[in-house]
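Structural overview
What follows is each chain in one-letter form.
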Amino acid sequence: KTINKTNLKNMDYDAILMGIMEILTNFYIRKFPNKIVIPKLPAGYLDHSADLILINGKGVVTEFVVRTSVLDFKMDFINEKFIDADEKVSFIVYVVPEGIYKECKTLMKENAQGVTFNGKPYSILSIDEKYQIEKKDWQKMPTSKSQNPNRRPLTKDEYLGIARYGCACYFNKIKNIKKIF
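Residues numbered from 1 in each chain as written. Predicted model: local features only at pLDDT ≥ 70, side-chain atom pairs only at ≥ 80, totals over all residues. Heavy atoms only, no water.

**Details of the nonpolar core**
How we decide: Among buried residues, the Ala, Val, Leu, Ile, Met, Phe, Trp, Tyr and Cys ones that are joined through side-chain atoms within 4.5 Å form a nonpolar core. For every residue, the accessible area (1.4 Å probe, protein chains only) is compared with the maximum for its type, and the residue is labelled buried under 20%, exposed over 50%, or partly exposed between those bounds. Only DSSP runs of H or I with at least four residues qualify as helices, and only runs of E with at least two residues qualify as strands; both kinds are numbered from the N terminus onward.
By size, the foremost hydrophobic cluster in this structure holds 25 residues, and its most contacted members are Leu-41, Ile-53, Ile-55, Phe-73, Tyr-94, Cys-104 and Ile-162. Of all the secondary-structure elements, those providing two or more residues to this core are β1 (36–41), β2 (50–55), β3 (61–66), α3 (70–75), β4 (89–97), α4 (101–111) and α6 (156–180). A per-element tally of this core places β4 first, with four residues. Core analysis: the second largest hydrophobic core is formed by 15 residues, Ile-16, Ile-20, Phe-64 and Val-66 among them.

Here it is as structure tokens:
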């Protein structure tokens, strides 16, 4: 199989989100139906906007951070306040195109000290040009060694607020699709 490294470095953000959602739906949601997946969560529900979150039935949040370029990835390690400062986020998993995975993994190891709470790197997964993640990799998510020591599950109101947001987004998509036909 020939891999086009240029395509793997310039993958579409929305397509990566859809790939992650498909994997989570096919693996986690079908096996564990008490989990919900919400893409593109705006700030206000958490202390920051999130590319994609997975919430289990106990209100524990895993955040998936999508980065499409090495520069985009590096920017997270320049910021003074980083995403694991939010007590509502328990785990963080980065997802990057396969073509930049090795470079990002090296950057993660070199820069985790001083950025994550315990100096250990976050989990990082690579996604290929077909927007697939290796089965062996996604079966062990989340495996972040850097867990927020101040983490807490969402309250019932926070959980329901995020779930309502997700339902409203889904409803609007269905409504827009019906307008086309």
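**What to know about the pairing of strand β5 (residues 123–127)**
Worth spelling out the cut-off: Here the rule is simple: two strands pair whenever DSSP picks up at least two bridges between them.
Across the five residues that make up β5, a large majority, five, are buried. Burial along β5 is two-sided: the face carrying Ser-123, Leu-125 and Ile-127 and the face carrying Ile-124 and Ser-126 are both buried. When β4 meets β5, the two strands line up parallel, connected through five bridges. Paired with Tyr-94 across the bridge in β5 is Ile-124.

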